[in-house]
Amino acid sequence: MADFETHEFDVLVIGAGGAGLRAAIESAVLGQRTAIVCKSLLGKAHTVMAEGGIAAALSNVYSEDNWRVHFRDTMRGGKMLNNWRMAQLHAQEAPDRVRELEEWGALFDRTEDGRILQRDFGGHRYARLAHVGDRTGLEMIRTLQQRLVALGVDVFQELTVTRLLTDGDRIAGAVGYWRDSGRLVLFRAKAVVLATGGLGKIWAITSNSWEGTGDGHALAMYAGADMIDMEFVQFHPTGMVWPPSVRGILVTEGVRGDGGTLRNQSGERFMFRYIPPMFAAETADSEEEADRWYDDRQHARRTPDLLPRDEVARAINAEVRAGRGSPHGGVFLDIASRRPAEYIKRRLPSMYHQFKELAGVDITREPMEVGPTCHYAMGGMRVDAETGASNVAGLYGAGEVTGGMHGSNRLGGNSLSDLVVFGRRAGMGAAQHAAGLQAVPALDSSQASACDESMEAPFRGDGKENPYTLHRELQDLMQVNVGIIRTDSDMRAALAGIAGLRERATRVKVEGGAAYNPGWHLAIDLGHMLTVAEAATRSALERKESRGGHTRDDFPNASGEFAKVNVVVRRAADGAFSVSQESLPAMPAELQRLFEED
Amino acid sequence: MPTAHLRVWRGTDDGEYVEYEVEYDEGMVVLDVVHRLQATQTPDLAVRWNCKAGKCGSCSAEINGKPRLQCMQRMELYPEGETITLAPLKTFPIIRDLVTNVAWNYDQARAMPELRLRPADADGNRRMAQIDIDRGQEFHKCIECYICQDVCHVIRDHPENMAGFAGPRFFVQLASIAMHPLDTNTRRATVDHGFGLDYCNITKCCTDVCPEGIHITDNAIIPLKERRVDEFHDPLRIIARKLTGRG
Ligand code: SF4
Ligand code: SF4
Ligand code: FES
C-alpha cells in the first residue's frame, strides 16, 4: 500500500460549511474526538455566499407566526414531497438554532425594540428570515468557525476526500489527499458525517463555486447509500446574466423581499400572469394590491414576485423563450424605481457593490438583468430525520448533500436553517454511534490502495484529454439536456453523452506535479461529477411528471401517482445504477389537518 | 477580442515570472483571465478562489505589486497592451504559483478570546439596539482575505515580528469582541494579552487596502489602544462600561 499519512478519530466530518461546522461542534461538545476536513480554507465554504437570511419562526415581526405556519409553507413550497418529519423538526428547532448563533456572537439586524429583525422571502407567509443585510451566510460561517476553533476541533483544510472506507457494510473511515502536496491521507473513524454541500458545477450556469462538484453525493453512492429526489435541482430565478464572466452569480431573493419587482422588456410585471392555482388564494392579483402588501398584511395578499423559486424560475424562462427578455437573455429586476437609494444601500449593500463592481450597474438607478442559475440540489443521501443516519452503518449526513427536507423545491432561507438544525442532529447521531463502538472498525487496505491507483492514473498513460475541456462539455450537456425544462429524448441524449465523457475521462492527462495542481484536482472531481450527473438524469427520467425543481415538456402536469413517491437511486459496486419508486413516509393526521384548513 | 499580457509567478520561492498572452472578453475580471489561462495553456497553474464575487476572500494576490482580490479587478482597470504582473501575497510563504501558506493567520485565530454573553431575557430573546451593533457589524464584514495582513509593514518585511503580532485582521476581531454590547468577558480581550497592538503605529495601510472598506485603524485599532490604556489603569471603568453597554 502507498505511503498514507494516517489519523484516527471517533467522528470525521467531511465539509466545513454550515452543516459540517455545526455537526463537528456538536460531536466535540459530546466528548468525541472530532476532526473536520474541507477542500478550501476554513471559512470559505459555499455557505459564505448565502445572502438573504435564515428562516425561523421567531415571531419577532409577526406574532402570528409559529412553527406550524413555517412547516406548512415548507411543505407547500416542496410540493408536499418533503420528508414531513424533517420539515417539522426544522420548523420547530430553527428558532433555537438562530438564538444559539446569536449567543456565539452573530450580530443579526435588529427590530426597533432590539430583537432579531426578520425579512420577507419567497414562499414564506410572514417575514421570517433573520439576516445581516445581505451577507447572512458570512455571519453564520464565521460564527460557527470561531466556535469550532474555540472548542479545539482538529481541522484539516485544503484536503479533499476521495472515497469512504467500509468494513463489511459499515463505515471505517475515508481517504483523501492534501491539495498542497498531493500527499495521501487515511482517516480511520467510527462514524463519518457527510456535509459536502452541492453539485451545481455539473451545470454551465451556476451560482456554485469550484467546490460544488457533488463529491459527497458520489462518495455516498460509492459506499452504498440510498439517494432520493436526485431529479430535483433548483434553478434560482435570479442570477446575474451580464457580463458573461459573472453569469450565474447569485442575486439575492432579498431584492424582491425588500420591494424589487420583475419586469420584461416592455416593463410589464409579468409574474401576475404566472400565478399557479395552488398559490392563487394567497397571492395578489393586481399591482396595487401587491404593493400594498409590503405594509399591510391584513388586507393585501403577497406579491407574485415572491412565489416559490421554481415558479419564478419557470416564469422567467418562459418570458425569455417568448422573446420578451432583456438584451442579454434575462429579465429585469427593478428596485431602483421602487425604493429610495439610501434604503437600497442599507438593505442590500453587497448587491449594490457586486453590480457596481462587476457589471458597472448602479442598482439604485437602473434595473438589474437576471436569469435562472443552477443553485441547489434538493436531492441527496436519504437520512433519518432525528439522527441524520443513512442506510450505511456509521454514515451520517446533513445539509445539501442529503435529500428529503426540501421535497421538490426549497424555499429561500430554509437552507441556512437546515444546516444548523440537521448539522447539530447529525453531529449528535454520529457522536452517539461512535460512543457505542468499542473500537474503530477494521481497515481494508485494498480499498485504500485502489484509491491511490485511481488518483495517480491521470499522471501516467498517454491520454490526451484535458480535464477542463471535459468538465466544460459535461456542463453544457447537462445545461442543454437536463436543465430547467426537460424531455425524455433530451435526457436520453444526456445519458449517452455522459457515457461518452466517462470513456474519455479514462484518458485524461494531467500536466505538472502533485503539489497544488488544480488540473489534477479537477480530473479527480470529474469522476464524481459524472457519477452524480448520471444519477440525477436517471432519476429525472423516472419521474414522469412536473413538480418543483423538475419540469418536463412531455409531462407538463403534476401527477397524483408521483405525488406519493420518492425516486430512489442506488449505485452497485460495479457502477450500475438502479432506480426505483418508494412510498413517501406517511404524515400523521394532526399535521395533515394543517393543509385541510384552506 | 482583446489580449492580456500577463507575467505570472510560477513555482515556489525560487520560482520565476513567466509571460503569457491570453485573449479575454468584455467584462472579465483578472480571475477570469487566470482561469482561461489555466483551461487553455497552464492546467496546473495554482490559484485559490471560491465565490468570484468578493465575498469569500480566497483569491487575494498582488496585482502589479498591489494586494487585491483577483475576482474584483476588472480588466478595464488596466490599459490594454500593458503587462499585468501577478504574484502571490508577499508576506506569507509561497506554496505554489499564486497560492500562499496562510496558516499563520489561523494560528492567530486560535488565540482569540471567546465571547461570554449575559444570559438572555426571560422570554429567551437578547435585546440589543441596532445602533449598538452597527460597529460590530462593520467588523463582521471581514472576509478574511488577509490583504491587510499582507500590507502591514510590521510583518511584511519582518517575519521575526510574526510571533508576537496578531495583525490588523485580528485587531478587527478583537475590537468586535471588546465592543459587543452583551459580552461579560472583561479584560481578557485586550489586556492580558497585547496581541502586538503596540507594534502598530497607525500608518493606515491596512485600512487603505481592505476590500470590505472596514475602517480598521480608526474604528478598531485606535479604540483598542485606548481601551488597553484604560483597562490597565482603571479596571472599574471597563466593568462599568460592560454593564451599561456603552463604550
Ligand atoms: S495601521 Fe497598524 S496594523 Fe494597519 S498596516 Fe499600519 S501598522 Fe499595520
Ligand atoms: S479586515 Fe479587510 S483586508 Fe483585512 S482580512 Fe478582513 S476583509 Fe480582508
Ligand atoms: S473568489 Fe471569493 S473573494 Fe475572490
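Residues numbered from 1 in each chain as written. Chains lettered and ligands numbered in written order. Predicted model: local features only at pLDDT ≥ 70, side-chain atom pairs only at ≥ 80, totals over all residues. Heavy atoms only, no water.

Help me understand the overall build of chain B in this model?
Looking only at helices and strands, one finds ten helices and seven strands in chain B. Counting all 247 residues of chain B, 59% fall into the buried class. Expressed as a percentage of contacts within chain B between residues at least 6 apart in sequence, the contacts between residues at least 24 apart total 62%. (Helix = DSSP H or I, 4+ residues; strand = E, 2+ residues; numbered from the N terminus. Buried < 20%, exposed > 50% of the residue type's maximum accessible area, 1.4 Å probe, protein only. Contact = heavy atoms within 4.5 Å.)

Hey, could you run me through the sheet that holds strand E10 (residues 227-228) of chain A in this one?
Whenever strands of a sheet pair, they do so through backbone hydrogen bonds, lying parallel or antiparallel. Residues and elements named next belong to chain A. As summarised here, the arrangement of the five strands in space is E17-E15-E10-E20-E21, forming an open sheet in which the pairing is mixed. Each edge of the open sheet is held by one strand with a lone partner, namely strand E17 (402-403) and strand E21 (577-583). Where strand E15 (residues 380-382) lies against E17, two bridges are found, and the strand directions are parallel. Along E17, the bridge assignment pairs Met381 with Thr402. (Pairing = 2+ DSSP bridges.)

Quick question: what am I supposed to make of the site of ligand 1 here?
Residues and elements named next belong to chain B. Surrounding ligand 1, one finds 13 residues, the nearest of these being Cys152, Cys200, Thr203, Lys204 and Cys206. Breaking the shell around ligand 1 down by element, the ones donating at least two residues are helix H5 (153-156), helix H8 (205-209) and helix H9 (216-233). Its residues assigned to classes, the shell around ligand 1 comprises eight nonpolar, four polar and one charged. (Near = heavy atom within 4 Å. Nonpolar A, V, L, I, M, F, W, Y, C, P; charged D, E, K, R; others polar.)

It is not clear to me how the interface of chain A and chain B should be interpreted in this structure. Could you clarify?
Quite often, the size of an interface is put as the accessible area lost when its parts meet. Taken together, the 59 residues of chain A in the interface contact 54 residues of chain B. For the pairing of chain A and chain B, the buried interface totals around 4,700 Å² over both sides, and the portion due to carbon and sulfur atoms is 54%. When the area that chain A buries against chain B is broken down by residue, the three leading residues are Lys44, Leu107 and Tyr516 of chain A, summing to 14%. Viewed at the interface, chain B and chain A are joined by four salt bridges. As a salt-bridge pair, Glu114 of chain B and Arg147 of chain A come within 3.5 Å of each other at their nearest N and O atoms. In this assembly, chain A and chain B are joined by 34 residue pairs in polar contact (both at pLDDT 80 or more). Secondary structure elements with two or more residues in the side of chain A that touches chain B: helix H3 (84-103), helix H4 (136-150), helix H11 (349-359) and helix H16 (518-542) of chain A. A total of eight residues in the side of chain A that touches chain B trace back to one element, the largest contributor, which is H4 of chain A. Of the residues contributing to the side of chain A that touches chain B, the split by class is 23 nonpolar, 17 polar and 19 charged. (Buried area = accessible area lost by both parts, 1.4 Å probe. Salt bridge = Lys/Arg side-chain N within 4 Å of Asp/Glu carboxyl O. Polar contact = N/O pair within 3.5 Å; in protein donor to acceptor, adjacent residues only side chain to side chain.)

What's the story with the pairing of strand E4 (residues 66-69) of chain B in this structure? I'm lost.
Two faces, one strand: in a regular strand the side chains alternate between the faces of the sheet. All names here are of chain B. Burial of the side chains of E4 is restricted to one face: Pro67 and Leu69 are buried, whereas none of Lys66 and Arg68 on the reverse face is. Relative to E4, strand E3 (residues 60-63) runs antiparallel, the two being bridged by four bridges. Note on E4: the bridge partner recorded for Ile63 is Lys66. The turn linking E3 back onto E4 is made up of two residues, and Asn64 within it adopts a positive phi angle of 50°.

Can you walk me through the site of ligand 2 in this structure?
What surrounds ligand 2 is the set Cys142, Ile143, Glu144, Cys145, Tyr146, Cys148, Arg169, Cys210, Pro211 and Ile216 of chain B. Partitioned by chemical class, the residues of the shell around ligand 2 number eight nonpolar, no polar and two charged.

I would appreciate a short explanation of the sheet that holds strand E5 (residues 129-130) of chain A in the present structure.
Residue and element names in this part refer to chain A. Read from one edge to the other, the open sheet built from three strands follows the order E3-E5-E4, with strand pairing classed as antiparallel. Here the strands that pair on one side only, and so sit at the sheet edges, are strand E3 (54-55) and strand E4 (118-119). Here two bridges tie E4 to E5, and the two strands are oriented antiparallel to one another. Its bridge partner lying in E5, Gln118 is registered against Ala130.

What is the right way to look at the domain arrangement of chain A in this model?
All names here are of chain A. Structurally, chain A comprises domain 1 (239-373) and domain 2 (457-561). Centre-to-centre, using C-alpha coordinates, domain 1 lies 31 Å away from domain 2. Between domain 1 and domain 2, the residue contacts involve five residues of the former and six residues of the latter. Buried surface at the junction of domain 1 and domain 2, both sides included, amounts to about 430 Å², of which 58% is carbon and sulfur. It is Arg314, Asn317 and Arg321 in domain 1 that bury the most area against domain 2; as a group they hold 71% of the surface buried on that side. Run the count over domain 1 and domain 2 and you get zero salt bridges. At the junction of domain 1 and domain 2, the tally comes to two residue pairs in polar contact (both at pLDDT 80 or more). Residue contributions to the side of domain 1 that touches domain 2 peak at four residues, all from helix H9 (residues 309-321). Classifying every residue of the side of domain 1 that touches domain 2 gives one nonpolar, one polar and three charged. (Domains from an automatic or database assignment.)

I'm lost on the confidence of the model for chain B in this one. Help?
In low-pLDDT regions, the fine details of the predicted coordinates are not to be read closely. Across chain B, the average pLDDT comes to 91, with 90% of residues at 70 or higher. The ipTM, which scores confidence in the relative placement of chains, is 0.93 for this predicted complex, and the corresponding pTM is 0.95. (pLDDT = per-residue confidence, 0-100.)

Looking at this model, I keep getting lost on helix H2 (residues 67-77) of chain A. Mind explaining?
Residue pairs three or four apart in sequence face the same way in an α-helix, which turns once every 3.6 residues. Residues and elements named next belong to chain A. Burial of H2 is extensive: ten of the eleven residues sit out of reach of the surface. Among all positions in H2, only Trp67, Val69, His70, Phe71, Arg72, Asp73, Thr74, Met75, Arg76 and Gly77 are buried. Where H2 is buried, its residues meet E3, H3, helix H7 (277-280), helix H12 (414-435) and helix H17 (589-596). A positive backbone phi angle near 55° is found at Lys79, which sits one or two residues after H2.

Would you mind going over the environment of Glu465 of chain A with me for this structure?
Residue and element names in this part refer to chain A. On the secondary structure map, Glu465 appears in the loop between helix H13 (445-456) and helix H14 (467-481). Judged by relative accessible area, which is 16%, Glu465 ranks as buried. Apart from residues lying up to four places away in sequence, Glu465 is in contact with Leu470, Arg504, Arg507, Val508 and Lys509.

What is the right way to look at the packing of H3 of chain A against H12 of chain A in this model?
All names here are of chain A. Where H3 meets H12, the closest approach of the two axes is 9 Å, and the angle between their N-to-C directions is 95°. It follows from the interaxial angle that H3 and H12 lie roughly perpendicular. Counted together, Met86, Leu89, His90, Glu93, Ala94 and Arg97 of H3 and Asn414, Ser417, Asp418, Val420, Val421, Phe422, Arg424 and Arg425 of H12 form the full contact between these two elements. Taken together, the residues of the contact of H3 with H12 sort by class into six nonpolar, three polar and five charged. (Axes fitted to C-alpha atoms, helices over the stretch in contact; angles between N-to-C directions. Parallel < 35°, antiparallel > 145°, perpendicular 65-115°, else oblique.)

Is there a simple way to explain unusual backbone geometry in this structure?
Glycine aside, residues mostly have negative phi angles, and peptide bonds mostly take the trans form. Backbone torsion omega between Trp242 of chain A and Pro243 of chain A reads -5°, so that peptide bond is classified as cis. Note that Pro243 of chain A resides in the loop between strand E11 (233-240) and helix H6 (254-257). Phi at Asn64 of chain B is positive, roughly 50°, even though this residue is not glycine. For Asn64 of chain B, a relative accessible area of 35% gives the class partly exposed.

Would you take a moment to explain the pairing of strand E8 (residues 170-178) of chain A for this structure?
Residue and element names in this part refer to chain A. With eight of its nine residues buried, E8 lies for the most part within the structure. Judged from the eight bridges that link them, strand E7 (residues 159-167) and E8 form a sheet pairing that is antiparallel. Residue Val161 lies in a different strand from E8, and its bridge partner there is Gly176. Sheet topology places E8 next to strand E9 (residues 184-194); five bridges connect them, and they run antiparallel. In the strand pairing of E9, Gly173 is matched with Arg188. What sits between E8 and E9 in their antiparallel hairpin is a turn of five residues, with Gly182 showing a positive phi close to 80°.

Just checking my understanding: could you explain the pattern of salt bridges for this structure?
A side chain of one charge can pair with a side chain of the opposite charge if their charged atoms are brought near each other. Residues and elements named next belong to chain A. For the structure on display, the rule yields 82 salt bridges over all chains. A salt bridge links Asp291 to Arg269, with the nearest nitrogen and oxygen atoms 3.2 Å apart. With Asp291 in helix H8 (residues 287-293) and Arg269 in the loop between strand E12 (261-263) and H7, the pair connects residues that are 22 residues apart, well separated along the chain. Taking the relative accessible area as the measure of exposure, Asp291 reaches 31% and is therefore partly exposed. Beyond isolated ion pairs, a larger network of salt bridges with shared partners links Arg85, Glu93, Glu386, Arg424 and Arg425.

For this particular structure, what's the right way to read the packing of aromatic side chains?
In this description, an aromatic ring pair is defined by two values, namely the gap between the centres and the angle between the planes. Counted according to the given criterion, the structure contains 16 aromatic pairs over all chains. Ring centres of Phe270 of chain A and Tyr274 of chain A lie 6.1 Å apart, and the angle between their planes is 90°; this geometry places the pair in the edge-to-face category. Exposure remark for Tyr274 of chain A: the relative accessible area of 22% places this residue in the partly exposed category. The cationic tip of Lys44 of chain A hangs over the ring face of Tyr146 of chain B; the distance from NZ or CZ to the ring centre is 5.7 Å. (Phe/Tyr/Trp six-rings, centres within 6.5 Å; stacked < 30°, edge-to-face > 60°. Lys NZ or Arg CZ within 6 Å of the ring centre and 35° of its normal.)

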